[in-house]
Amino acid sequence: MHQLVGRLNSLDPQAGETLRIVSYFDVLITRGAGLDGLLRGAAVLSGTVAGAQIRGRVTRRDPDGHPVTDDLGRRRQGSRRSHADWAVWLERDGEPEPDDEMIVERLALGVELLDARRSPERGLDALVDQARSVAERTALLARRRIDPATPVRVLATAADAPRSAGLPPRSCRPGTDS
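Asker: Quick one: what's the story with the packing of helix 3 (residues 35-46) against helix 4 (residues 100-118), residue by residue and with numbers?
Answerer: One way to put it is that helix 3 packs onto helix 4 with a least axis distance of 10 Å and a crossing angle of 175°. As judged from the angle between their axes, helix 3 and helix 4 are roughly antiparallel. Contacts between helix 3 and helix 4 involve L35, L38, L39, A42, L45 and S46 from the first element and D100, I103, L107, G110, V111 and L114 from the second.

Asker: Can you lay out the nonpolar core for me, pointing to particular residues and giving the numbers?
Answerer: Counting residues in hydrophobic clusters, the biggest one holds 23 residues, and the most contacted among them are F25, V88 and L107. If sequence neighbours within four positions are ignored, L107 has contacts with F25, L38, L39, A42, G51 and V88.

Asker: Requested: an account of the environment of L28, with residues and values cited.
Answerer: Secondary-structure assignment places L28 in helix 2 (residues 13-30). Sequence spacing of L28 and G41 is 13 residues, and the spatial spacing of their C-alpha atoms is 8.2 Å. Those residues in contact with L28 that lie beyond four places of it in its chain are A33, G37, L38 and G41.

Asker: Let's hear about the pairing of strand 4 (residues 86-91): which residues, and what values?
Answerer: Burial analysis of strand 4 places 6 of its 6 residues in the buried class, which makes it a mostly covered element. Residues W86, V88 and L90 of strand 4 are buried on one face, and the alternating residues A87, W89 and E91, pointing to the opposite face, are buried as well. Sheet topology places strand 1 (residues 49-54) next to strand 4; 6 bridges connect them, and they run antiparallel. Residue Q53 lies in a different strand from strand 4, and its bridge partner there is A87. Sheet topology places strand 3 (residues 80-82) next to strand 4; 3 bridges connect them, and they run antiparallel. Among the inter-strand pairings, R80 is bridged to a residue of strand 4, identified as W89. Between the antiparallel neighbours strand 3 and strand 4 lie 3 residues.

About the thresholds
- Residues numbered from 1 in each chain as written.
- Predicted model: local features only at pLDDT ≥ 70, side-chain atom pairs only at ≥ 80, totals over all residues.
- Heavy atoms only, no water.
- Axes fitted to C-alpha atoms, helices over the stretch in contact; angles between N-to-C directions.
- Helix = DSSP H or I, 4+ residues; strand = E, 2+ residues; numbered from the N terminus.
- Parallel < 35°, antiparallel > 145°, perpendicular 65-115°, else oblique.
- Contact = heavy atoms within 4.5 Å.
- Core = buried A, V, L, I, M, F, W, Y, C linked by side-chain atoms within 4.5 Å.
- Buried < 20%, exposed > 50% of the residue type's maximum accessible area, 1.4 Å probe, protein only.
- Pairing = 2+ DSSP bridges.

Just distances and angles here, no functional claims.
Shown next as C-alpha cells:
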C-alpha cells in the first residue's frame, strides 16, 4: 500500500493524499478504534478540531489529541456529515482544505460502524435473526444499502478464533447441502 501511495503521489499528489487518508482510517477501524481514536485521527490529519455528536453527547478533539471543552456555541463547522443519531464535523475558520471532505467522510464511516456495533437492532445479527419478520429484515437490508435479492454469505466465528485465510467455496449457498 505504501508503494502505491508513493507512486500515486508522483502522478497526482491529491489522489495520493486521499489514498493515504483512506488507508489511515481503514487501519483505525480494523484495529477497533473507538470514538476518541477516530476523532484524534481526524484532528491530526486535518490540523483542526474534529467533533462528533452522538445521541446528544458532544465530543471534540484538537490536533494534539486533547479534548476540547470550550464554548460549543462559538465553534465554526466546516465539513460535516450527519445521520439520525449522530453527526461529525471539522471546525475550521475560513475555507475548507482540499482533504477535509475525505477526512469527514471516513470519520463518518467509522462512527457509523461504531454505532452499528453498539446497536444490536442495526447490526448484522438482526439480519439473520429468524425471530424478526421478513419485512423487518428487508427494511434493515435496505438501510444498509443491500439489495434483498442479492445473495449474501455470512461467516460467523468466535471472537477469539484465528482469522480464516479464505472464504467458503462458492457452492455453499443457502438451501444447498454443500
